[in-house]
Amino acid sequence: LGDVHLPFTRWDVLEAAAKDCKAYKPDLIVQIGDLLDQYNWSLYKRATYAPNAEEEWHNTEQDIHHFHKLFGDKVPMEIVMGNHDLRLMLRCMEANLPRKLIRQLDELFPFDNWNWRVEQKPLIRDGVLFCHGDETGGDAFEKAQVLGTNVIQGHDHKGYLRYASPLEINRFGMSVGCFIDNKSVAAAYARRNFKKGFLGWATCTDGVPQLFPFRG
Ligand SMILES: [Fe+2]
Ligand SMILES: [Fe+2]
């Protein structure tokens, strides 16, 4: 599951992904980061029509429970930390707050089947590195070549799958798209950009990736 950016989310797209997910029966769901937007505590200037911090957090809490319900508590979910997920911690660090005064996302939302990867160790399964995408330069395909492993990422909100086969070893990089509401204030920074985020999701079965565009 790509970037969700709660609470600025296309729920129709997420619901379609959840329906596919039920039929696909995964043994693991990876949410690739930017599960939360945290618009109000970014360093960018906020829009005058944006919800205030109280409203945003209220909506985020409601939506995260809705998201958890949508994908259920049966399948384990790994949640990679995206740059938006880390905004809370960055603001706390700037204020020089000791760790004991801060509640991390895994403490705020301790769902049994969720593993918030707050320690930010690389997630590697079946020869695939799952990363948010902002950790190292280059897109997923370039990372796959540099790191010598298959790469699945989010962050750029693109949807693509590209292979290279050096020495006959098939290696891929894939960006899994997003669920952001392109009309929301959270996406307003890109409103003049003709290229919008790819709405969709992806699977990886025995190391074979597949992308699914939302067909609304
Ligand atoms: Fe994002
Ligand atoms: Fe991101």
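The structure we're discussing is the one just above.
Notes on the structure follow.

Each value, and the rule that gives it
- Residues numbered from 1 in each chain as written.
- Chains lettered and ligands numbered in written order.
- Predicted model: local features only at pLDDT ≥ 70, side-chain atom pairs only at ≥ 80, totals over all residues.
- Heavy atoms only, no water.
- Helix = DSSP H or I, 4+ residues; strand = E, 2+ residues; numbered from the N terminus.
- Contact = heavy atoms within 4.5 Å.
- Donors = N, O, S within 2.8 Å, 3.2 Å for Na, K, Ca; no water.
- Pairing = 2+ DSSP bridges.
- Axes fitted to C-alpha atoms, helices over the stretch in contact; angles between N-to-C directions.
- Buried < 20%, exposed > 50% of the residue type's maximum accessible area, 1.4 Å probe, protein only.

**Comments concerning the environment of Gly-200**
If you trace the backbone, Gly-200 turns up in strand S9 (residues 200-205). Between the C-alpha atom of Gly-200 and that of Gly-2, which follows or precedes it by 198 residues, the distance is 7.9 Å. If sequence neighbours within four positions are ignored, Gly-200 has contacts with Val-13, Val-176, Cys-178, Phe-179, Phe-212, Pro-213 and Phe-214.

**Describing the coordination of the iron ion (ligand 1)**
Looking at the iron ion (ligand 1), one finds its protein donor set to be Asp-3 (OD), His-5 (NE2), Asp-34 (OD) and His-157 (NE2), positioned 2.1 to 2.3 Å from the metal centre. Mapping the donors of the iron ion (ligand 1) onto the primary sequence yields the spacing D-x1-H-x28-D-x122-H. In this model, the iron ion (ligand 1) sits 3.4 Å from the iron ion (ligand 2), the two metals being bridged by Asp-34. Of the two residues, Asp-3 sits in the segment before helix H1 (11-24) while Asp-34 sits in the loop between strand S1 (29-31) and helix H2 (53-71), which places them 31 residues apart along the sequence.

**So, the sheet that holds strand S2 (residues 77-79)**
Pairing is parallel across the open sheet formed by three strands, whose spatial order is S1-S2-S3. Two strands in the sheet have a free side with no partner beyond their single neighbour: S1 and strand S3 (114-116). Across the sheet, the mean angle from the axis of one strand to that of its neighbour is 15 degrees, orientation sign disregarded. Of the pairings in the sheet, the one linking S1 to S2 comprises three bridges and is parallel in character. Counted as the bridge partner of Ile-29 is Met-77 from S2. Of the strands in this sheet, S1, S2 and S3 are in contact with H2, which crosses S3 at around 130 degrees.

**Some remarks on unusual backbone geometry**
The residue after Leu-6, namely Pro-7, is reached through a cis peptide bond having omega 5 degrees. Tracing the backbone through its elements, the reader meets Pro-7 in the segment before H1. Phi angles above zero are rare outside glycine, and His-5 is one such case at about 55 degrees. If you trace the backbone, His-5 turns up in the segment before H1. Look at Glu-168: it is not a glycine, yet its phi comes out positive at around 65 degrees. Along the chain, the position of Glu-168 falls in the loop between strand S7 (159-164) and strand S8 (171-176). Its relative accessible area of 76% is what places Glu-168 among the exposed residues.

As far as function goes, none of this settles anything; it's purely spatial.
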